[in-house]
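Descriptive analysis of the structure
This is what each chain is made of:
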Amino acid sequence: MAAPLDDAALDTIFRTARSFNHYTDQPVGEDQLHAIWELMKWGPTSVNQLPARLVWCTSDEAKQTLAAAASGSNGPKILAAPVSVVIGMDVNFHEYLPELFPHVDAKAWFDGNSELREASAFRNSTLQGAYFIIAARALGLDVGPMSGFDAGLVDKAFFADAPGVRTNFIATLGYGDPASVHERSPRPAFDKFNRIA
């Protein structure tokens, strides 16, 4: 059995971690993007389907394209961040199951059932998006997840060559500027939203 993480690690990942809209000028290297994937890929998904498809926008051109599809103040946030990330979901993930889950014919469970694939791709790519956030924080980076964007425009710009892939959400990535965050919003105690049956 694994030992519990110490308080410093738990603070880094959860308790003192924040969602950031503004970042310092410290760059994020491509090796760090690979390191995030190498951690997040181990997070569990149903039958190891791994439906998330990530586009790491590091160039000015890619960030400009993504910012043009964002709403409100999200565009400037995307442009200012060292990296912006599109977390997509592949509704044809089942095509990879013979490789990713070779124990049984899991592909057959999803063949011909687009509704099941859609629901599963959304659920499990969202999980992977959470693993992305945790992995980035564990590696000393900060994240600003967001949902204010035109998904159709993002899909057209970044997934035109993969019609089965659609955008789930987007995020900025870098070293957060602590001076830019406001007071933390409340987090309720257990009894507020939980019950033990």
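Everything numeric here is computed off the predicted structure, so don't read it as measured data.

**Here we look at the packing of aromatic side chains**
Overall, the coordinates contain three aromatic pairs when judged by the stated rule. Measuring from ring centre to ring centre gives 5.0 Å for Phe-93 and Phe-110, while their planes differ by 75°; the resulting arrangement is edge-to-face. Remark: Phe-110 occurs in helix α6 (residues 107-110) and Phe-93 occurs in the loop between β2 (83-90) and α5 (97-100); sequence separation between them is 17 residues. Each member of the pair, Phe-93 as well as Phe-110, is classed as buried.

**Observations regarding the side chain of Asn-74**
Checked against the element boundaries, Asn-74 lands in helix α4 (residues 74-80). The class for Asn-74 is buried, based on a relative accessible area of 10%.

**Side note on the layout of surface pockets**
Gaps left between atoms are located by rolling a probe of water-molecule size over the structure's atoms. By volume, the largest pocket is sized at about 150 Å³. Arg-18, Ser-19, Phe-20, Asn-21, His-22, Gly-144, Pro-145, Ser-180, Val-181 and His-182 are the residues that line the largest pocket. For the lining of the largest pocket, the residue count by class is three nonpolar, six polar and one charged.

Conventions and cut-offs
Residues numbered from 1 in each chain as written. Predicted model: local features only at pLDDT ≥ 70, side-chain atom pairs only at ≥ 80, totals over all residues. Heavy atoms only, no water. Phe/Tyr/Trp six-rings, centres within 6.5 Å; stacked < 30°, edge-to-face > 60°. Helix = DSSP H or I, 4+ residues; strand = E, 2+ residues; numbered from the N terminus. Buried < 20%, exposed > 50% of the residue type's maximum accessible area, 1.4 Å probe, protein only. 1 Å grid on protein atoms, 1.4 Å probe; cavity = no way out; pocket = protein on both sides within 12 Å on 5 of 7 lines; lining within 4 Å. Points joined across faces, edges and corners; volume = space filled by probe spheres on them. Nonpolar A, V, L, I, M, F, W, Y, C, P; charged D, E, K, R; others polar.

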